Amino acid sequence: MSQLIFVYFAGMIVATSILVVALKNPVYSALSLLVMFFHVAGLFVTLHAEFLAAVQIIVYAGAILVLYLFVVMILNVKQDDRYHSQWRIAGFVCVPLLIEAIVLLSSGRGARAIDTQAMFVPSQEAIASDNTLAIGQTLFSTYLFPFEVASLVLLVAMIGAIVLAKPEIGEQDNPGPLVQTKAAE
Amino acid sequence: MTIPISYYLILSGIVFLTGIAGVLIRRNIIAILLSVELMLNATNINFVAFSDYFRDLGGQVFVFFALTVAAAEVAVGLAIIIALHRSRSTINIEEFNLLKW
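Computed from a predicted model, the values in this text were never measured in an experiment.

(A) Here's a closer look at the interface of chain B and chain A. Across the boundary between the two partners, chain B contributes 67 residues, which contact 79 residues of chain A. Counting each side, the surface lost to burial between chain B and chain A is near 6900 Å², with a carbon and sulfur contribution of 75%. Broken down residue by residue, the surface that chain B buries against chain A is led by R26(B), R27(B) and L34(B), which jointly contribute 9%. Viewed at the interface, chain A and chain B are joined by zero salt bridges.

Next comes the structure, spelled out in structure tokens:
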């Protein structure tokens, strides 16, 4: 039963992630990314990470993806989105990576060796039943300093986003650089 | 019946490769940022799978930090896209060749 659930979630994750790359309209890409986030959250629930599943839905689907959709709709992109002209070079990078992955997986020296040889024996103690409480205790004891650094990262990102996205001072008076170049032509 | 850890590794490898391919072949900057999100999610799946395997909560805490960094990356990245669109009125990355040699 759990294997069936895993196969469903994994299949949907792979299918929607391929759709994110393959679809031409960025709105459709963002929406298939939304479906992928929900299935990743489901996978987290099966892995006993209920807090992270909730955070995944709230932060990714609720905040980040809405930001993407806002920008897509503000910019109002015309749909002439072909693939990049360097896709042949990209193919030369991706095909060796794919072949390496297949060789690693098929020769038994990669992922399967971890299972058979049992390099690390998983500890048998049960994971805490209250996932949120356990994460909070870990976060505020062992990882207290990275937590503070994360808040600093968020502050810097907020200031940077405001500075980058606000119009240039005095732009209302002068015509923008685009208008100037068009006038020069 | 538990799922072997290698299945999760294969899944996250496939998603990560898809993200790399998206970064390399798409021309739309927004699609490239979405592909970066794909790669971040692939690493998150890895972190949570190993966290469950070792019964260690450190992996889940690191996913939390990865979420923070992803949010910061999206905010700054989208601000850069808006600034670029304001000055060049396009988001096709082949038009942004100012730094080409």
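From this point, the narrative continues.
(B) Representation of the environment of I57(A). Residues and elements named next belong to chain A. For I57, the location among the structural elements is in helix α3 (residues 50-75). A sequence separation of 23 residues divides I57 from L34, and the C-alpha atoms of the two residues are 9.0 Å apart. Ignoring sequence-local partners within four residues, the contact set of I57 consists of F38, A41 and G62.

(C) Highlighting the layout of surface pockets. Within this model, the largest pocket holds a volume of roughly 630 Å³. Lining of the largest pocket is provided by 27 residues; of these, L97(A), A101(A), G13(B), I14(B) and L17(B) occupy positions nearest its centre. Listed by contribution, the elements that provide at least two residues to the lining of the largest pocket are α4 (87-106) of chain A together with α1 (5-25) and α2 (29-54) of chain B.

(D) Structural view of helix α3 (residues 58-88) of chain B. Over its 31 residues, α3(B) extends 44 Å from the first C-alpha to the last, a length consistent with the 45 Å expected when each residue adds 1.5 Å. Positive backbone phi, at 55°, marks S89(B), one or two positions downstream of α3(B).

(E) Examining the nonpolar core more closely. Counting residues in each nonpolar core, the largest one holds 53 residues, and the members touching the most others are Y68(A) and L11(B). Listed by contribution, the elements that provide at least two residues to this core are α1 (2-22), α2 (26-46) and α3 of chain A together with α1, α2 and α3 of chain B. The greatest single-element share of this core, amounting to eleven residues, is contributed by α3(A). Filtering out sequence-adjacent residues up to four positions away, Y68(A) remains in contact with I30(B), L33(B), L34(B), E37(B), V74(B) and L78(B). Membership of the second largest hydrophobic core comes to five residues, among which are L139(A), Y143(A), A150(A) and F65(B).

How each quantity is defined
- The numbers attached to residues start from 1 for each chain and follow its sequence in the written order.
- To read the labels, note that chains go from A and ligands from 1, taken in the order they are written.
- Thresholds applied to this predicted model are a pLDDT of at least 70 for local features of residues and 80 or more for the giving and counting of side-chain atom pairs; totals over whole chains, interfaces and linings are not thresholded and use all residues.
- Only heavy atoms go into the side-chain values, all of them from the structure, while hydrogens and water stay out.
- What makes two residues a contact is simply this: any of their non-hydrogen atoms within 4.5 Å.
- Two parts placed together each lose some accessible area; with a 1.4 Å probe, that loss summed over both constitutes the buried area.
- In the sections that follow, a salt bridge refers to a side-chain nitrogen of Lys or Arg positioned within 4 Å of a carboxyl oxygen of Asp or Glu.
- Helix and strand assignments come from DSSP, with helices taken as H or I runs of at least 4 residues and strands as E runs of at least 2, each series counted from the N terminus.
- A cavity here means a set of 1 Å grid points, computed over protein atoms only, where a 1.4 Å probe fits but cannot escape. A pocket is an open set with protein on both sides within 12 Å along at least 5 of 7 lines, and lining residues have an atom within 4 Å of a point.
- Grid points are joined across faces, edges and corners, and a volume is the space filled by probe spheres set on the points.
- One fewer than the residue count of a helix, multiplied by 1.5 Å, yields its expected span.
- Here, the term nonpolar core denotes a set of buried Ala, Val, Leu, Ile, Met, Phe, Trp, Tyr and Cys residues that are joined through side-chain atoms within 4.5 Å.
- Type-normalised accessible area, obtained with a 1.4 Å probe on protein chains alone, sets the label of each residue: buried when under 20%, exposed when over 50%, and partly exposed for intermediate values.

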